[in-house]
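Structural features, examined
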Amino acid sequence: MQEAVKLTERAHRTDKQQQLFPSIGAGSFVAGYFGLALVRYAGWIPRSWSLMPVVETAWLSFLLVLALMIWMWATKIPLVHIGLRVFRPSRSLLKWVIGTMVIDSLAIGMARPALVAAFGEAQQLDRFRDLPGNLGLLLAILPLVWLLAAFGEEFFFRGFLLTVIAEALGASRAAWVAAVLVQAIGFGLIHAYQGPVQAISIGIGGAVYGGAFLLARRNLWPLILAHGINDTLGLVFVYFGIIVP
């Protein structure tokens, strides 16, 4: 009897954990993030607001992420609820990072030939044109890429958005799987300015990262590290001319 009571209490606590986000507040941040992305990529923000090449106006989206963090603190929603735990280096963390990067590369690598055949080669991006051979720019960009993209995008998409969608759908196992797919589509859409090949590839990566988030027991750190390392390698390859922007 006591064991049954304990199981009931544990299930009740789990249900409470799964329903922390107020729908109106969470929905406002989701609409705000995608609305800002639309405004940015429609060219409605003055070029003078660009921080520097490559980064451009991505800092605006990060400001919204900071506002989201403040809102979560004010509404007493713990960051651990969306996977931002205390950082603890470990072998298992390293395995998750490497595994996520490998599966991401394989999935995109297998899909890319079909995407190129359907849409043509990925379009070149002018914002990378000043990076090859420019060590000062590379060193200036790398910390921002880790903060704005690796942390900011993983916090919003794999942490916040995925959790909000899963909660809205009932927080069942099927809801979490559906949330992985929906947030991946959203992740691809905000990169639509890079052309269909890149946008779909990035969406596939978003699905891989979302799946890794669930398999790693909703821990954001493997994804933040994998994202940061991937972006760092990409920028370094552009700097050395291995990838031509």
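Conventions used here
Residues numbered from 1 in each chain as written. Predicted model: local features only at pLDDT ≥ 70, side-chain atom pairs only at ≥ 80, totals over all residues. Heavy atoms only, no water. Core = buried A, V, L, I, M, F, W, Y, C linked by side-chain atoms within 4.5 Å. Buried < 20%, exposed > 50% of the residue type's maximum accessible area, 1.4 Å probe, protein only. Helix = DSSP H or I, 4+ residues; strand = E, 2+ residues; numbered from the N terminus. Contact = heavy atoms within 4.5 Å. Patch = residues over 30% accessible without salt bridge, like charges linked within 9 Å, V, L, I, M, F, W, Y side chains within 5 Å. Areas by Shrake-Rupley, 256 points an atom, 1.4 Å probe, with all protein chains shown as cover. Salt bridge = Lys/Arg side-chain N within 4 Å of Asp/Glu carboxyl O.

Considerations on the nonpolar core
- Phe21, Trp71, Phe160 and Leu235 are the most contacted members of the largest nonpolar core, which has 60 residues in total.
- Broken down by secondary-structure element, the contributors of at least two residues to this core are helix 2 (23-41), helix 3 (58-74), helix 4 (91-119), helix 5 (135-168), helix 6 (173-189), helix 7 (196-215) and helix 8 (221-239).
- Of all the elements, helix 5 adds the most residues to this core, at 18 residues.
- The contacts of Phe21, once residues within four sequence positions are left out, are Ala26, Trp71, Met72, Ile77, His81, Ile82, Phe160, Thr163, Val164 and Glu167.

Observations concerning a nonpolar patch on the surface
- The grouping of Trp146, Ile229, Leu233, Phe237, Phe240, Ile242 and Ile243 at the surface amounts to a nonpolar patch, some 640 Å² of accessible area in total.
- Looking at the nonpolar patch, the element that brings in the most residues is helix 8, giving three residues.
- Mapped onto the elements of the fold, Trp146 is located in helix 5.
- Residue classification places Trp146 among the partly exposed positions, given a relative accessible area of 30%.

Looking at the environment of Arg91
- Considering the arrangement of structural elements, one finds Arg91 in helix 4.
- Looking at Arg91, the relative accessible area reads 73%, which means it is exposed.
- Counting along the chain gives 44 residues from Arg91 to Arg47, while the straight-line C-alpha distance between them is 44 Å.

Observations concerning the side chain of Thr232
- Examined against the element boundaries, Thr232 turns out to sit in helix 8.
- Residues in contact with Thr232, not counting those within four places in the same chain, are Leu142 and Trp146.

Overview of the pattern of salt bridges
- A full pass over the atoms with the stated rule returns one salt bridge.
- Here Arg158 and Glu154 are joined by a salt bridge, their closest N and O atoms 2.7 Å apart. On the criterion of helical spacing, the pair formed by Arg158 and Glu154 is a turn pair, its members being four residues apart in helix 5. This pair shows no difference in class: Arg158 is buried, exactly as Glu154 is.

Quick word on unusual backbone geometry
- The phi dihedral of Lys76 falls on the positive side, at around 60 degrees, and the residue is not glycine.
- Relative to the helices and strands, Lys76 resides in the loop between helix 3 and helix 4.
- A relative accessible area of 73% places Lys76 in the exposed class.
- For Arg217, which is not a glycine, the phi torsion comes out positive at approximately 60 degrees.
- Among the structural elements, Arg217 can be located in the loop between helix 7 and helix 8.
- What makes Arg217 exposed here is its relative accessible area of 71%.

These values are about where atoms sit, not about what they do.
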